[in-house]
Structures are given as structure tokens and as C-alpha cells.
Amino acid sequence: MGKFAENFKLIWQGKCTRNQMLTYFSNVFAVFVIGMLWGMAKYPGGFSFFNVFVSYLGGNEVNPEGYIFYNITVVFAGLMSLPHFIYVYRKTAPTLKPITFLGCFSGILGFLG
């Protein structure tokens, strides 16, 4: 089993170290930022946070060349965030079970849309 798969398993089980979790979350965030920047670079006429909503990056009518990069990135980041919610749930469940369950459930619902 590779190192990534081993760390992913530890994250999913809630047994990884904070450093491993930080590395995992940093990598997911980096992929998200790169995908966003790629979608912005393909936006017709240039993208500006002051003039255009970020959600426009995902529309194929408004951003015909870059929408696919943005959409794939958002789905990937959402999927890869699920282990984070499970990790937090398993780390805090013994002390705050109802609140932890609600937080985990809300995070997973947020991913679904």
C-alpha cells in the first residue's frame, strides 16, 4: 500500500496526526486553488472578483472554455473534504457526540449541494 493510501486510511479512521491532516488538507486546498485559477484564466475578457461572481466560473454559457476546470475542481475538492469531516467527527465524538454528529452531517450535506 502506498504512502498516500496509508495516510488516507488513517485520516478516514481518525487516527492520523495533526501534521498528516494538515498536509492532506493543504494538498486538497492547493488543487482547489489551481483549478480556480485555471478557470479564471479561461474566463472570457478576464476575471475580476470585483465585477464577476465566482459562481459564473462554472457556467458554460458565460465561461465556455473554463467552466469544466472549475466544475471538476469544485467536485474534487468536495469529495476530498469528506474524509476531513469524518476525521473531525472521530476525533471529537467521544466528548461532544450530538454536536459533532450535527457538524459532520452538515458538512456532508454541504458537499451534496
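Structural data are supplied above this passage.
We now turn to the structure provided with this report. These figures come from a predicted structure and were not determined experimentally. (Residues numbered from 1 in each chain as written. Predicted model: local features only at pLDDT ≥ 70, side-chain atom pairs only at ≥ 80, totals over all residues. Heavy atoms only, no water.)

1. Some points on the packing of aromatic side chains
Note the threshold: Any two rings among Phe, Tyr and Trp, with Trp reduced to its six-membered ring, count as a pair given centres within 6.5 Å; such a pair is stacked if its planes are under 30 degrees apart, edge-to-face if over 60, and tilted if neither. For the purposes of this entry, the term helix denotes a DSSP run of H or I that reaches at least four residues, the term strand denotes a run of E that reaches at least two, and both are numbered from the N terminus.
Under the counting rule described, the total for this entry stands at one aromatic pair. Their ring planes at 15° and their centres at 4.1 Å tell us that Trp38 and Phe69 sit as a pair that is stacked. With Trp38 in helix H2 (residues 18-41) and Phe69 in helix H3 (residues 67-92), the pair connects residues that are 31 residues apart, well separated along the chain.

2. So, the environment of Tyr89
We apply this condition: Note on definitions: a residue-residue contact is assigned when non-hydrogen atoms from the two residues lie within 4.5 Å.
With respect to the helices and strands, Tyr89 occurs in helix H3. Between the alpha carbons of Tyr89 and Phe105 there is a distance of 9.4 Å; along the sequence they are 16 residues apart. With near-sequence residues (within four places) excluded, Tyr89 lies in contact with Lys97, Thr100, Phe101 and Cys104.

3. A short note on the side chain of Thr73
Put simply, the rule reads: With a 1.4 Å probe rolled over the protein chains alone, any residue whose accessible area is under 20% of its type maximum counts as buried; one over 50% counts as exposed, and the rest are partly exposed. Here a polar contact is taken to be a pair of N or O atoms separated by no more than 3.5 Å, where protein atoms must pair a possible hydrogen donor with a possible acceptor and residues adjacent in sequence count only if both atoms sit in side chains.
Relative to the helices and strands, Thr73 is located in helix H3. Residue classification places Thr73 among the buried positions, given a relative accessible area of 8%. From its side chain, Thr73 meets the backbone oxygen of Phe69 in a polar contact 2.7 Å long.

Read these as spatial facts, not as claims about activity.
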